[in-house]
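Chains, contacts and geometry: an overview
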Amino acid sequence: MKRILVLFFSLNVGILAFGQQDAQFTNYMYNTMNINPAYAGSRGITSIFSMHRTQWVGLVGAPTTNTFSIHGPIRDTNLGMGVNVMNDAIGPSNESTISLDVSYTVPTSENFKLAFGLRSTVNLLNVDFTKLNIYNTGDALSQYNIDNRFSPNFGVGIYWYSSRTYIGLSVPNFLETSHFDKGQTSLGATSVAKERMHYHLMLGHVYDVDYWIQFKPAFLAKIVEGAPLQIDVSANFLFNEKFTLGMAYRWDASISLLAGFQVNDNMFIGYGYDSEVTNLVNYNSGSHELFLRYEFSRKKQVVSPRFF
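Residues numbered from 1 in each chain as written. Predicted model: local features only at pLDDT ≥ 70, side-chain atom pairs only at ≥ 80, totals over all residues. Heavy atoms only, no water.

**Side note on the nonpolar core**
Of all hydrophobic cores here, the largest spans 26 residues; its most connected members are M29, Y30, Y159, Y166 and F291. Contributing elements (two or more residues each) for this core: β1 (47–54), β6 (146–161) and β12 (213–224). (Core = buried A, V, L, I, M, F, W, Y, C linked by side-chain atoms within 4.5 Å. Buried < 20%, exposed > 50% of the residue type's maximum accessible area, 1.4 Å probe, protein only. Helix = DSSP H or I, 4+ residues; strand = E, 2+ residues; numbered from the N terminus.)

Right, dumping it as structure tokens:
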């Protein structure tokens, strides 16, 4: 299993990498600010969100991601502001990101608003190549660890929404950062790890099935140059505005079970479990997500259910 992870990491870091690079989340419909800065302040109240994701349990060095965010509207203005902190570890690499989001919202109709978002990000990357299986002790790759490599970035997003519908488009990071130089390794001109721009398109809508049941399908598409299109679709049911149950599917990757519970007016907790539909299922026992959302006040909260 370790060799499988080493191969995976080598393909994504040891050569010019064009694959999906941003951390992925099954409960993306609750973690919107992670991918779209225009979401900041859109709930109309101060909202805190925390999530832990353990991916591919049983596979040595598999990804582990933790994220924390807080956002809300700025009183008596059309502005929203939020801070998002994320740590993503996989194999020998550990990456920490801090983002500051600012949004500006204008009404487009009686029910809909349009928000424009701007993100400023700082990133710290650490890679300890000695954690890999080094078969050639003279390989220059093992002699150039990355220690707190600092890189700035910025992103933008738009978010059109009402109490029941949303459509968002975003590019969280515009700068295509190179994390280490080709001259540092024996792999020559191909040994550059470079982040590519990720484009995100998301949408969802809430339907009333009965007076105590609401249904919300959601869709997320992620586009990266040189990588296959990644599509996530989900379907959640909300029962009596308390209990949420649903399923999600990541195209050619995994199928997921989702659950959530509104503990009280302020606190919502949720869980997601992914099972692979690829050959990777033979080497792990699935992925787990656990999240908590806490909101300080519901005085301005809309009456209609907000799954997002």
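Still more to cover.
**So, the environment of S50**
Tracing the backbone shows S50 in strand β1. Assessed through its relative accessible area of 33%, S50 is described here as partly exposed. In sequence terms S50 and I70 are 20 residues apart; their C-alpha atoms lie 8.9 Å from each other. In this view, S50 contacts T67, F68, L290, F291 and L292; residues no more than four positions away in its chain are not counted. (Contact = heavy atoms within 4.5 Å.)

**What to know about the packing of aromatic side chains**
Using the criterion set out here, one finds 16 aromatic pairs in the structure. Note on F268 and F291: the rings are 5.8 Å apart at their centroids and 45 degrees apart in plane angle, and the pair reads as tilted. Pair noted here: F268 is in strand β16 (residues 267–276) and F291 is in strand β17 (residues 287–295), with a separation of 23 residues, a long-range link. Residue classification places F268 among the buried positions, given a relative accessible area of 5%. Among the aromatic residues, ring-to-ring pairing joins Y207, W212, F215, F237, F239 and F243 into one connected group. (Phe/Tyr/Trp six-rings, centres within 6.5 Å; stacked < 30°, edge-to-face > 60°.)

**As for the pairing of strand β7 (residues 165–171)**
The element β7 is extensively covered by neighbouring structure, given that 5 of its 7 residues are classed as buried. Direction of pairing for β6 relative to β7: antiparallel, over a ladder of 6 bridges. Each bridged residue has a counterpart across the sheet, and for G157 the counterpart in β7 is S170. Connecting β6 to the next strand, β7, in antiparallel fashion are 3 residues. (Pairing = 2+ DSSP bridges.)

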